[in-house]
Amino acid sequence: MRIAIASDHAAVSLKTTLVAWLHEAGHDVIDLGTDGTASVDYPDYGYAIADALADGRADRGIALCGSGIGIAIAANRNPACRCAQVAEPLSARFARTHNDANAIAMGARLIGEEMAKACVAAFLSAEFEGGRHQHRVDKLSKEFAA
């Protein structure tokens, strides 16, 4: 699977760990940065994840920042991205099976490495169930009408 991963400065250590772990599992990993602890803006990295999903460079995305909140909001600005913030494997699995999420976001300041790996494993191994969930997911890509 082609997986795009990006983080801000607060999550670069977790990103490094996950990149190595994903490579060991045989995935094609697209590391979109950042590569150091100098302060950067998480929206830039959320947008990068969404762009990689939208243009087909990646099948799935993993977005990381301090809390996982800001980078998820940024990624979801692109209608091609359905990024769910997760903190444990059940929500990661449901993000795929019920919401057809193509990305997950996690907070490096809130989650440990082993729990992050468990979330990623659950997310990558699950498939969208379709059926009763499909019409709801279809609504997620519609333009918002005030």
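Residues numbered from 1 in each chain as written. Predicted model: local features only at pLDDT ≥ 70, side-chain atom pairs only at ≥ 80, totals over all residues. Heavy atoms only, no water.

(A) Layout of the overall build of the protein. When helices and strands are tallied, the protein shows 6 helices and 5 strands. Going from the N terminus to the C terminus, the protein shows its helices and strands as β-α-β-α-β-α-β-α-β-α-α. Taken over C-alpha atoms, the radius of gyration comes to 14 Å for the protein, in line with the 15 Å a tight globule of 146 residues would show. With the C-alpha coordinates of the protein rotated into their principal frame, the extents come out at 40 × 35 × 25 Å. Counting only residues that meet the buried cut, the protein has 47% of its 146 residues in that class. Entry remark: accessible area of the protein is about 7,200 Å², with carbon and sulfur atoms responsible for 52%. Treating the 14 positive side-chain charges of the protein as one cloud and the 18 negative ones as another, the clouds have centres 8 Å apart. (Helix = DSSP H or I, 4+ residues; strand = E, 2+ residues; numbered from the N terminus. Rg over C-alpha atoms; globule rule 2.2 N^0.38 Å. Buried < 20%, exposed > 50% of the residue type's maximum accessible area, 1.4 Å probe, protein only. Areas by Shrake-Rupley, 256 points an atom, 1.4 Å probe, with all protein chains shown as cover. Lys, Arg positive; Asp, Glu negative; His and termini not counted. Charge placed at Lys NZ, Arg CZ, Asp CG, Glu CD.)

(B) Spatial organisation of helix α4 (residues 89–97). Within the sequence span of α4, burial applies to Ala-92, Ala-95, Arg-96 and Thr-97. Elements in contact with the buried residues of α4: β3 (60–65), β4 (83–85) and α5 (113–125). Two or three places before Leu-90, at the start of α4, stands the capping residue Glu-88, its side-chain oxygen 2.9 Å from that residue's backbone nitrogen. (Contact = heavy atoms within 4.5 Å. Polar contact = N/O pair within 3.5 Å; in protein donor to acceptor, adjacent residues only side chain to side chain.)

(C) Representation of the environment of Tyr-47 in the model. Structurally, the position occupied by Tyr-47 is in helix α2 (residues 42–54). For the pair Tyr-47 and Ile-111, spaced 64 residues apart in the sequence, the C-alpha separation amounts to 22 Å. Excluding residues that lie within four positions of it along the chain, Tyr-47 makes contacts with Ala-74 and Arg-77.

(D) Quick peek at the pattern of salt bridges. Within this structure, the stated rule accounts for 8 salt bridges. Among the ionic pairs, Asp-31 bridges to Lys-15, the shortest N-O distance being 2.8 Å. Taken together, the positions of Asp-31 in strand β2 (residues 28–31) and Lys-15 in helix α1 (residues 12–24) put the pair 16 residues apart, joining distant regions of the chain. Under the relative-accessibility criterion, Asp-31 is labelled partly exposed at 37%. A residue is classified by how much of its surface remains accessible, and Lys-15, at 1% relative accessible area, is buried. A single salt-bridge network, built from bridges that share partners, covers Arg-82, Arg-96, Asp-100 and Glu-127. (Salt bridge = Lys/Arg side-chain N within 4 Å of Asp/Glu carboxyl O.)

(E) Just the pairing of β2, in detail. Here strand β1 (residues 2–7) runs beside β2; their pairing, made up of 4 bridges, is parallel. In the strand pairing of β2, Ala-4 is matched with Ile-30. In this fold, the crossover linking β1 to β2 by way of α1 has right-handed handedness. (Pairing = 2+ DSSP bridges. Right-handed = clockwise from strand over helix to strand, strands pointing away.)

(F) The arrangement of the sheet that holds β3 in detail. One open sheet holds the 5 strands; their spatial order is β2-β1-β3-β5-β4, and the pairing between them is parallel. Strand pairing shows two members of the sheet lacking a second neighbour, β2 and β4, which therefore form its edges. Between one strand and the next, the sheet's axes are offset by a mean angle of 20°, whatever the strand orientation. Against the sheet, α1 touches β1, β2, β3 and β5 (103–107), its axis set at about 165° to β1. With respect to the sheet, α5 is in contact with β1, β3 and β5, its orientation differing from that of β5 by roughly 170°. (Axes fitted to C-alpha atoms, helices over the stretch in contact; angles between N-to-C directions.)

(G) Up close: the state of the cysteines. This model, assessed by the stated rule, comprises 0 disulfides. No disulfide involves Cys-83; its sulfur sits 5.1 Å from that of Cys-81, the nearest cysteine. Take Cys-119: it sits in no disulfide, and the sulfur closest to it among the cysteines is that of Cys-83, at 12 Å. Looking at Cys-119, the relative accessible area reads 0%, which means it is buried. (Disulfide = S-S within 2.5 Å.)

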